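# Summary of the model geometry
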Amino acid sequence: MVVGLRHFTDRDGGGAGEPVLDAGSGEELMHVQPGVSIALANRPPESPGTLYISTKQVMWLSDVDRAKGYAVDFLSLSLHAISRDPEAYSSPCIYTQIETEADEDESEGSDAEGDQIFDLTKITEMRLIPTDPSQLDTLFQIFCECAELNPEPIEEDGEEHNWVFNADQIENQDAEGEDSEWNFSHNPTNTIGHSNGNHDLAQSVLELQINDQRFEDAEEMEHESHRSNDERSPSA
């Protein structure tokens with residue numbers, strides 16, 4: 001399930017300190033960067049706050065309004081990059097794209113009459129703008145390291161249909177008969193077939209293997225026949 005951007009205001013010290021982390025899941029704070037503004041979608045940047053990067057998520061907390069903050073899990077970030085092109089954005093920043101389940105037809109982050117309450121589930125872009133642009137490279141490196149700690153989960157349904165098999169297994173299967181069930185190896189070495197649920201491909205590879213053997217046998221028999229005829233024919 002895609003979580004996307006969400007409101008976040010959980011702070012230590014009675015709401016005045018650092019964000020509360022999920023220590024039970026092993027979440028640890030990796031970096032703290034003060035003096036960072038945040039711009040969501042096409043909205044103007046918020047007043048500078050403090051950026052917190054943990055092993056699980058990116059959190060921004062306002063320094064002006066203690067009740068304002070945002071967070072997004074690394075699993076919901078599909079892209080992050082350094083933007084220094086003034087034509088792309090007026091200030092150097094970390095640009096991120098956020099996965100969302102919101103309908104694409106709905107306007108992104110729209111609000112009425114300048115109302116500060118808007119639907120975060122529709123936000124697909126976030127920019128983090130440090131007051132000191134020299135920190136961009138450091139922030140980008142931290143983003144990369146934490147993204148590697150949060151790889152995309154593998155769906156179980158996909159694993160059930162994955163198959164890998166090798167030549168020895170095909171030969172053994174052919175000897176056991178057509179009614180036997182497949183025994184596939186998950187060892188990716190020495191493989192001749194790999195598919196996600198495409199059993200037609202499995203059959204094609206099997207037929208290719210069998211046909212190759214038949215062609216080899218036919219060529220060998222033909223070669224033996226020619227040699228026998230040569231031996232029987234009288235010499236000139």
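Not measured: the values here are computed from a predicted model.

## Structural notes on the overall build of the protein
What the protein contains, in helices and strands, is five helices and 10 strands. Each of the 236 residues in the protein was classed as buried or not, and the buried ones make up 31%. In the protein, the share of contacts with a sequence separation of at least 24, taken over all contacts with a separation of at least 6, comes to 59%. Here the protein has roughly 15,000 Å² of accessible surface; of this, 47% comes from carbon and sulfur atoms.

## Some words on the packing of aromatic side chains
By the definition in use, this model includes two aromatic pairs. Where tryptophan 60 meets tyrosine 70, the ring centres are 5.9 Å apart and the plane angle is 20°; that geometry is what we call stacked. Highlighted residues: tryptophan 60 in strand β4 (residues 57-62) and tyrosine 70 in strand β5 (residues 69-73), separated in sequence by 10 residues. Each member of the pair, tryptophan 60 as well as tyrosine 70, carries the same accessibility label: buried. Judged by centre distance (5.7 Å) and plane angle (75°), the rings of phenylalanine 74 and phenylalanine 143 are edge-to-face. Remark: phenylalanine 143 occurs in helix α2 (residues 136-148) and phenylalanine 74 occurs in the loop between β5 and β6 (77-83); sequence separation between them is 69 residues. Accessibility assignment for this pair places phenylalanine 74 and phenylalanine 143 in one class, buried.

## Description of the confidence of the model for the protein
Close inspection of predicted coordinates is inappropriate for parts of the model with low pLDDT. Summing up the model confidence of the protein, the mean pLDDT is 75 and the portion of residues at 70 or higher is 57%. Taken together, the stretch residues 160-167 has pLDDT below 50 and engages in 35 contacts with residues farther than four places along the chain or on a different chain. When the criterion is pLDDT under 50, residues 180-215 qualifies, and its contacts beyond four places in sequence or with other chains add up to 52 contacts.

## Some words on the side chain of arginine 127
For arginine 127, the position within the fold is in strand β8 (residues 125-130). If we skip the residues at most four places from it in the chain, arginine 127 touches Ser37, Ile38, Ala39, Ala41, Ala88, Tyr89, Cys93, Ile94 and Tyr95.

## A closer look at the pattern of salt bridges
For the coordinates displayed, the defined rule picks out four salt bridges. As a salt-bridge pair, arginine 6 and aspartate 73 come within 3.3 Å of each other at their nearest N and O atoms. Highlighted residues: arginine 6 in strand β1 (residues 6-7) and aspartate 73 in strand β5, separated in sequence by 67 residues. Judged by relative accessible area, which is 24%, arginine 6 ranks as partly exposed. What makes aspartate 73 partly exposed here is its relative accessible area of 22%.

## Observations regarding the environment of leucine 75
By the element assignment, leucine 75 lies in the loop between β5 and β6. The class of leucine 75 is partly exposed, set by a relative accessible area of 39%. Taking the C-alpha atoms as reference points, leucine 75 and valine 3, separated by 72 residues in sequence, lie 8.6 Å from one another. Among residues more than four places away in sequence, those in contact with leucine 75 are Glu99, Asn150, Pro151, Glu152 and Pro153.

## Describing the sheet that holds strand β7 (residues 93-98)
Taken in spatial order, the eight strands line up as β1-β5-β4-β3-β2-β8-β7-β6 in an open sheet, and their pairing is antiparallel. A single partner strand is all that each edge strand has here, and the edge strands are β1 and β6. As paired strands, strand β2 (residues 29-40) and β8 are joined by five bridges and run antiparallel to one another. Of the residues in β8, the one forming a bridge with alanine 39 is arginine 127. Across the face of the sheet, α2 comes into contact with β2, β3 (49-54), β4, β6, β7 and β8 while running at roughly 160° to β6.

## Details of the nonpolar core
Counting 25 residues, the largest nonpolar core has Leu5, Leu40 and Leu128 as the members making the most contacts within it. Of all the elements in the fold, those that place two or more residues in this core are β2, β3, β4, β5, β7, β8 and α2. Top element by residues in this core is α2. It accounts for five residues. Each residue touching leucine 128, except ones within four places of it in the same chain, is listed here: Val36, Ser37, Ile38, Leu51, Val58, Cys93, Ile94 and Phe143. Counting five residues, the second largest nonpolar core, distinct from the first, contains Phe8, Tyr52, Met59 and Ala71.

Cut-off values and rules
- Residues numbered from 1 in each chain as written.
- Predicted model: local features only at pLDDT ≥ 70, side-chain atom pairs only at ≥ 80, totals over all residues.
- Heavy atoms only, no water.
- Helix = DSSP H or I, 4+ residues; strand = E, 2+ residues; numbered from the N terminus.
- Buried < 20%, exposed > 50% of the residue type's maximum accessible area, 1.4 Å probe, protein only.
- Contact = heavy atoms within 4.5 Å.
- Areas by Shrake-Rupley, 256 points an atom, 1.4 Å probe, with all protein chains shown as cover.
- Phe/Tyr/Trp six-rings, centres within 6.5 Å; stacked < 30°, edge-to-face > 60°.
- pLDDT = per-residue confidence, 0-100.
- Salt bridge = Lys/Arg side-chain N within 4 Å of Asp/Glu carboxyl O.
- Pairing = 2+ DSSP bridges.
- Axes fitted to C-alpha atoms, helices over the stretch in contact; angles between N-to-C directions.
- Core = buried A, V, L, I, M, F, W, Y, C linked by side-chain atoms within 4.5 Å.

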